Amino acid sequence: MPFNLHGDDVCQPTPPTPIPNPYWVAFSPSVARLIGIELGADNFPNDPEWLGVLAGNQLNAGGLTFSNPISTVYSGHQFGSWAGQLGDGRAILLGDINNLELQLKGAGRTHYSRMGDGRAVLRSSIREFLCSEAMHALGIPTSRALALVGSKQAVRRETMETAAVCSRIAPSFIRVGHFEHFASLQNIVRLKELADLLIAEFYPECLANKEPYLDLFKEISARNAKLVAQWQSVGFCHGVLNSDNISALGLTIDYGPFGFLDQFEIDHICNHSDHGGRYAYHRQPQIMHWNMACLASAMLPLLGLEHSAEESQDLLRSTLEEFPVIYAKEWQRLFRSKLGLQSKEDGDTALIERLLQAMHDSKVDFTNFFRSLSNLKKDSKPIELMQRNEFIDRENIDQWLADYINRLQSEVLSDEERKGLMNQVNPKYILRNHLAQAAIEKAQQDDFSEVQTLQQILMQPFDEQEVFEHYSKPPPVDMQALAVSCSS
Ligand code: AMP
Ligand code: MG
């Protein structure tokens, strides 16, 4: 969708800064097809000019000209504190194709770069590229990654690294932070434009409501509640759930120090810089709720157009209270389907929670254990599940398995049917940190084959893919505590 707010208090013209001698690191043909880029037999663009465009070196390819690249302003709360003005410090919106926005991340300084260099390093760009595509294949709403372009241009982080540009696609990159920005300036005209734009393009059903802005808030909040439930269900930790990284469309955006759980530790912290564990796995739902409270308070003046301040607060507060209810319902739905339960029974939530507690106590691999459960049959015995050996308290897991098998008796589907459904929600392959790290290390030696292999595997996360079996294994012991910092 075109970002059709105009004026230098909203966005700034931002031509990308070229990088020397760009080359392809990875490319996503399925995203290219979404925006109509013609591909050659090698599944890279037919028109070589696209490499230049996606490197930020030129503005035309494939008969298209991106004549108005911009960066936008937003503000936000970082780690719970008001951070003031931020903005697209290294993201440039090239334009839109087929109603999808095309952004370059790492294409040089913008008006909002502050002290930053506007660049992204190859390491973090590989992670963003692979994870965007992996999340999409898992069925989780996310920005998509079109291409990853590298260059030998040096970029300083803790050490010297090289630059990359990741091009990403979404219907819109509008964030909670955009609302907070205009609310902090008490700019109701802009707030209203932002809300009206979202309603017109993405939430048209709100127009039928006599409280369209309240309804908009309700929908954004519901989408993000469901999104975070999906994260929990695949063991995804975002790592930096600041309000400027929360999408107004309920998409996963801004991949940084994210991590998928290997062994299940409910309080796992994936971001090495998150000392207090604010964004730990088990805190994500309440943090998302907190971010929705930031959005509610930013949208308060919009309700104030029709209501007294007190009424507006009451309306938003009671809508905000729906968040945990929607989240819990979605979480239960997802985990029930992970267990292959089609019907609903009173004890289901307790059954799921007991399993998670047992997995936490024994640090069992989250992905592989859920995947293994589909091997159980209605007439199985607990000891037949090999993975029970991974639990320290054998008696406890056997009791759980017995209760689970007992619960399966009231399911109408056959064992085969249930297995089929379970294997469509419990992935075999996730982007484990050690896999990403191995691909990064090779890529830093100019070998991009591992990035592309991972891309291929992760696009079919629910398929067995026997030749890639070893990619489903937990990390070797020395790679378990791989730390990922905010530096990117
Ligand atoms: P993040 O934690 O990646 O969401 O970034 C927070 C803010 O810092 C955003 O406004 C980014 O655009 C900005 N930022 C991060 N890295 C850079 C960089 N290398 N150059 C300029 N701005 C950056
Ligand atoms: Mg960000």
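Residues numbered from 1 in each chain as written. Chains lettered and ligands numbered in written order. Predicted model: local features only at pLDDT ≥ 70, side-chain atom pairs only at ≥ 80, totals over all residues. Heavy atoms only, no water.

Visitor: Kindly report on the site of ligand 1, identifying the contributing residues and their values.
Guide: Of all residues adjacent to ligand 1, which total 17 residues, the nearest are Gly87, Gly89, Arg114, Gly118 and Asn245. At a separation of 3.3 Å, a nitrogen atom of ligand 1 approaches a polar backbone atom of Arg119. The separation between an oxygen atom of ligand 1 and a polar side-chain atom of Asn245 is 2.9 Å. (Near = heavy atom within 4 Å. Polar contact = N/O pair within 3.5 Å; in protein donor to acceptor, adjacent residues only side chain to side chain.)

Visitor: Got a sec to walk through the domain arrangement of the chain? Specific residues and values, please.
Guide: Parsing the chain into structural domains produces domain 1 (11-170), domain 2 (341-412) and domain 3 (433-479). Each of domain 1 and domain 2 has a C-alpha centre, and the two are 43 Å apart. (Domains from an automatic or database assignment.)

Visitor: I'd like to hear about the packing of aromatic side chains, residue by residue, with values.
Guide: This model, assessed by the stated rule, comprises 19 aromatic pairs. Taken together, a centroid distance of 5.3 Å and an interplanar angle of 70° make the contact between Trp24 and Phe27 edge-to-face. With relative accessibility at 21%, the residue Trp24 sits in the partly exposed group. An aromatic cluster is defined as three or more aromatic residues linked by ring pairs; in this entry it consists of Phe264, Tyr281, Trp331, Phe335, Phe366 and Phe370. The cationic tip of Arg127 hangs over the ring face of Phe258; the distance from NZ or CZ to the ring centre is 4.1 Å. The residue whose ring lies beneath Lys338 is Phe370, and the NZ or CZ to ring-centre distance is 4.7 Å. (Phe/Tyr/Trp six-rings, centres within 6.5 Å; stacked < 30°, edge-to-face > 60°. Buried < 20%, exposed > 50% of the residue type's maximum accessible area, 1.4 Å probe, protein only. Lys NZ or Arg CZ within 6 Å of the ring centre and 35° of its normal.)

Visitor: Got a sec to walk through the environment of Ser243? Specific residues and values, please.
Guide: When you line up the elements, Ser243 lands in the loop between strand 13 (236-237) and strand 14 (259-260). For Ser243, a relative accessible area of 0% gives the class buried. Once the C-alpha coordinates of Ser243 and Leu122 are considered, the two residues, 121 residues apart in sequence, prove to be 25 Å apart. Beyond its immediate sequence surroundings of up to four residues, Ser243 is in contact with Gly76, His77, Val176, Gly177, Glu180 and Asn291. (Helix = DSSP H or I, 4+ residues; strand = E, 2+ residues; numbered from the N terminus. Contact = heavy atoms within 4.5 Å.)

Visitor: Outline the pairing of strand 12 (residues 160-170), supporting the account with residue identities and numerical values.
Guide: Where burial is concerned, most of strand 12 is hidden: nine out of the 11 residues are buried. Pairing of strand 9 (residues 100-105) with strand 12 involves five bridges; the strand directions are antiparallel. In the strand pairing of strand 12, Leu104 is matched with Ser167. As paired elements, strand 10 (residues 120-121) and strand 12 share two bridges and run antiparallel to each other. Paired with Ala120 across the strands is Ala164, a residue of strand 12. In the sheet, strand 11 (residues 144-156) pairs with strand 12 via nine bridges, with the strands oriented antiparallel. (Pairing = 2+ DSSP bridges.)

Visitor: Tell me about the environment of Ala483, residues and numbers included.
Guide: Along the chain, the position of Ala483 falls in the segment after helix 15 (449-458). By relative accessible area, which is 47% here, Ala483 ends up partly exposed.

Visitor: Before we move on, could you go through the environment of Ala164 and cite the residues and values that matter?
Guide: Turning to its location among the elements, Ala164 is positioned in strand 12. Using a relative accessible area of 0% as the deciding quantity, one classes Ala164 as buried. Taking C-alpha positions, Ala164 is 8.8 Å from Ser124, a pair spaced 40 residues apart along the chain. Every residue in contact with Ala164, bar those within four places of it in the chain, is listed here: Lys105, Gly106, Ala120, Val121, Leu122, Ser125, Leu148, Val149 and Gly150.

Visitor: A description of helix 14 (residues 433-443) should follow, citing residues and the corresponding values.
Guide: Within the sequence span of helix 14, burial applies to Asn433, His434, Leu435, Ala436, Ala439, Ile440 and Ala443. Residues of helix 14 that are buried make contact with helix 3 (122-137) and helix 15.

Visitor: Give a description of the side chain of Ser362 that names residues and reports values.
Guide: Note that Ser362 resides in helix 10 (residues 348-362). Once you skip the residues sitting within four places of it in the chain, Ser362 turns out to touch Glu390, Phe391, Ile392 and Asp393.

Visitor: Any details on the pairing of strand 8 (residues 91-97)? Residues and values, ideally.
Guide: With six of its seven residues buried, strand 8 lies for the most part within the structure. Linking two consecutive strands that pair antiparallel, namely strand 8 and strand 9, is a turn of two residues; a positive phi of about 50° is found at Asn98 within it.

Visitor: How would you summarise helix 3 if you had to cite specific residues and measurements?
Guide: Given 3.6 residues per helical turn, the α-helix brings residues three or four places apart onto the same face. Given a rise of 1.5 Å per residue, 16 residues ought to cover 22 Å, and the 23 Å separating the end C-alpha atoms of helix 3 matches this to within 8%. Among the 16 residues in helix 3, 15 count as buried, and that is most of the element. Trailing helix 3 by a residue or two, Gly139 shows a phi angle of about 85°, which is positive. (Expected span 1.5 Å × (residues − 1).)

Visitor: Describe the pattern of salt bridges, naming the residues involved and giving the relevant values.
Guide: Counting across every chain of the model gives 29 salt bridges. Asp314 is the partner of Arg317 in a salt bridge, and the nearest nitrogen-oxygen pair spans 3.5 Å. Pair noted here: Arg317 and Asp314 are both in helix 8 (residues 309-320), with a separation of three residues, about one helical turn. Within this structure, Lys105, Glu128, Arg168, Arg175 and Asp254 form a network of salt bridges that share partners. (Salt bridge = Lys/Arg side-chain N within 4 Å of Asp/Glu carboxyl O.)

Visitor: Talk me through the nonpolar core; I want residue IDs and the actual numbers.
Guide: Residues Leu198, Met292, Leu339, Met359, Leu373 and Tyr404 are the most contacted members of the largest nonpolar core, which totals 122 residues. Counting residues per element, this core draws most heavily on helix 6 (residues 212-234), which supplies 11 residues. Residues within four places of Leu339 in sequence aside, it is in contact with Leu351, Ile352, Leu355, Phe370, Leu373, Trp400, Tyr404, Leu408, Arg418 and Met422. Ranked by size, the runner-up nonpolar core spans 27 residues in total, among them Ile37, Phe44, Ala61 and Ala107. (Core = buried A, V, L, I, M, F, W, Y, C linked by side-chain atoms within 4.5 Å.)

Visitor: So what about the packing of helix 10 against helix 12 (residues 394-408)? Which residues, and what values?
Guide: Two elements in contact, helix 10 and helix 12, have axes whose closest approach is 11 Å; the angle formed by their N-to-C orientations is 150°. Regarding the angle of helix 10 to helix 12, the classification is roughly antiparallel. Crossing of helix 10 over helix 12 shows left-handed handedness. In this structure, helix 10 contributes Asp348, Leu351, Arg354, Leu355 and Ala358 to the contact, and helix 12 contributes Asn396, Ile397, Gln399, Trp400, Asp403, Tyr404 and Arg407. Across the contact of helix 10 with helix 12, the residue classes break down as six nonpolar, two polar and four charged. (Axes fitted to C-alpha atoms, helices over the stretch in contact; angles between N-to-C directions. Parallel < 35°, antiparallel > 145°, perpendicular 65-115°, else oblique. Left-handed = near helix turned anticlockwise from the far one by under 90°. Nonpolar A, V, L, I, M, F, W, Y, C, P; charged D, E, K, R; others polar.)

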